[in-house]
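What follows is the residue order along each chain.
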Amino acid sequence: AEDIVLGKRICEVFGKVTTPANLPATLYTCLLNLFSTSQSAALAAWKVGFLQTLLLSIVATSNSRKSGSSVGPSKTCLGLLRVLEALFLASPEAVEEAVTSKTQSEQSKDSVRPSFADCLLVLRPLCDKDESLCSEVMTMITSCFQAEEEISQQHCLANLLLRLELVHWLMRFA
């Protein structure tokens, strides 16, 4: 019961900010430290829907960066990706949900795919322009593979990367 209350509180604090660019850097650090030290906090946040909120925030921030917003979206994207990575490392179930759960795509209203796919596709062109962002995405994907190995041998992430045609893109940076 305490875990669910904690998870709801995390979502509440994160959700009070209207745009991810307005989030203070200390909030990223606090969430990063919380998920890194408390697996139960990460699981609680995941159970109450924090993963989808976080993925949608990354997509929104990335879209604002593409449209030329100058509110520091690069740092915002980096902070959000680090929190996502910490959530994935602490909660392998979150990786499974991110890779397998189907939602309505923001880019294409007629296709249904995982929101993690939208996140990767929106970040791809930004990574081509920003090395630090690219490095963070690569680290996050590596963390996803590690977490996925803990819970299943289905290799859903590898299949997703192949379907999205991201493997060749990733190989350019290796």
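Computed from a predicted structure; not experimentally measured.

**Q** Is there a simple way to think about the overall build of the chain in this case?
**A** On a plain count of helices and strands, the chain comes out with 10 helices and 2 strands. Element order for the chain, N to C, with α for helix and β for strand: α-α-α-α-α-α-β-β-α-α-α-α. Residue burial in the chain is summarised as follows: out of 174 residues, 46% are buried. Here the analysis covers contacts within the chain between residues at least 6 apart in sequence; of these, 67% occur between residues at least 24 apart. Total accessible area on the chain stands at roughly 8,800 Å², and carbon and sulfur atoms take up 55% of it.

**Q** For this particular structure, what's the right way to read the packing of helix H2 (residues 25-37) against helix H3 (residues 39-47)?
**A** For any two helices packed against each other, one specifies the crossing angle of their axes together with the interaxial distance. Orientation of H2 relative to H3, taken along the N-to-C sense of each, is 110°, at an axis distance of 5 Å. Judged by the angle between their axes, H2 and H3 are roughly perpendicular. Side by side, H2 and H3 meet where Leu-34, Phe-35 and Thr-37 of the first sit next to Gln-39, Ala-41, Ala-42 and Ala-45 of the second. Looking at the contact of H2 with H3 residue by residue, the class counts come to 5 nonpolar, 2 polar and no charged.

**Q** Sorry, what's going on with a negative patch on the surface here?
**A** A cluster of like negative charges, contributed by Glu-93, Glu-96, Glu-149 and Glu-150, occupies part of the molecular surface. Mapped by element, the contributors of at least two residues to the negative patch are helix H6 (92-100) and helix H8 (131-151). Structurally, Glu-149 can be placed in helix H8. Here Glu-149 falls in the exposed class, since its relative accessible area comes to 54%.

**Q** Looking at this structure, how should I read the pattern of salt bridges?
**A** Pairing between side chains of opposite charge can happen when the charged atoms of each approach one another. Across all of its chains, the model carries 1 salt bridge by this definition. In this structure, Glu-136 engages Arg-82 in a salt bridge whose closest nitrogen and oxygen atoms are separated by 3.1 Å. Here the residue Glu-136 occupies a position in helix H8, and Arg-82 occupies one in helix H5 (residues 73-90), the gap between them amounting to 54 residues. Relative accessible area serves as the criterion here: at 10%, Glu-136 is assigned to the buried category.

**Q** Looking at this structure, how should I read the packing of helix H7 (residues 115-129) against H8?
**A** Axis separation between H7 and H8 bottoms out at 7 Å; the angle between their running directions is 145°. By crossing handedness, the relation of H7 to H8 is classed as left-handed. Facing H7, whose interface residues are Phe-116, Leu-120, Leu-123, Leu-126, Cys-127 and Lys-129, H8 presents Glu-131, Leu-133, Cys-134, Val-137, Met-140, Ile-141 and Cys-144.

**Q** Can you help me understand H7 in this one?
**A** Along an α-helix, residues three or four apart share an orientation, since each turn contains 3.6 residues. Compared with an ideal rise of 1.5 Å per residue, which puts 15 residues at 21 Å, H7 spans 23 Å between its outermost C-alpha atoms and is within 8% of the ideal. In the structure, H7 departs most strongly from a straight axis at Leu-123, where the bend amounts to approximately 35° and where the proline Pro-125 lies between one and four residues downstream. Listed as buried for H7 are Ser-115, Phe-116, Ala-117, Asp-118, Cys-119, Leu-120, Val-122, Leu-123, Leu-126 and Cys-127.

**Q** What's the story with the confidence of the model for the chain in this structure? I'm lost.
**A** Should the pLDDT be low somewhere, the predicted coordinates at that spot are not to be read in detail. When pLDDT is averaged across the chain, the result is 79; 77% of the residues are at 70 or more. At the level of individual helices and strands, the chain shows its lowest average pLDDT in strand E1 (residues 103-104), which scores 60, and its highest in H7, which scores 88.

**Q** Could you clarify how one ought to interpret helix H9 (residues 156-163) in this entry?
**A** When H9 is considered as a whole, its buried residues turn out to be Cys-156, Leu-157, Leu-160 and Leu-161. Down the axis of H9, the sector holding all buried residues measures 135°, keeping them to one side. Set apart from the buried face of H9 by more than 90 degrees, the exposed residues are Leu-162 and Arg-163. Buried residues along H9 sit in contact with H6, H7, H8 and helix H10 (167-173). Of the residues trailing H9, Glu-165 is marked for its positive phi of about 60°.

Here is what the cut-offs are and how they apply
- Residues numbered from 1 in each chain as written.
- Predicted model: local features only at pLDDT ≥ 70, side-chain atom pairs only at ≥ 80, totals over all residues.
- Heavy atoms only, no water.
- Helix = DSSP H or I, 4+ residues; strand = E, 2+ residues; numbered from the N terminus.
- Buried < 20%, exposed > 50% of the residue type's maximum accessible area, 1.4 Å probe, protein only.
- Contact = heavy atoms within 4.5 Å.
- Areas by Shrake-Rupley, 256 points an atom, 1.4 Å probe, with all protein chains shown as cover.
- Axes fitted to C-alpha atoms, helices over the stretch in contact; angles between N-to-C directions.
- Parallel < 35°, antiparallel > 145°, perpendicular 65-115°, else oblique.
- Nonpolar A, V, L, I, M, F, W, Y, C, P; charged D, E, K, R; others polar.
- Patch = residues over 30% accessible without salt bridge, like charges linked within 9 Å, V, L, I, M, F, W, Y side chains within 5 Å.
- Salt bridge = Lys/Arg side-chain N within 4 Å of Asp/Glu carboxyl O.
- Lys, Arg positive; Asp, Glu negative; His and termini not counted.
- Charge placed at Lys NZ, Arg CZ, Asp CG, Glu CD.
- Left-handed = near helix turned anticlockwise from the far one by under 90°.
- Expected span 1.5 Å × (residues − 1).
- Bend = angle between axes of the 7 residues up to and from the residue.
- pLDDT = per-residue confidence, 0-100.
- Arc of directions from axis to C-beta.

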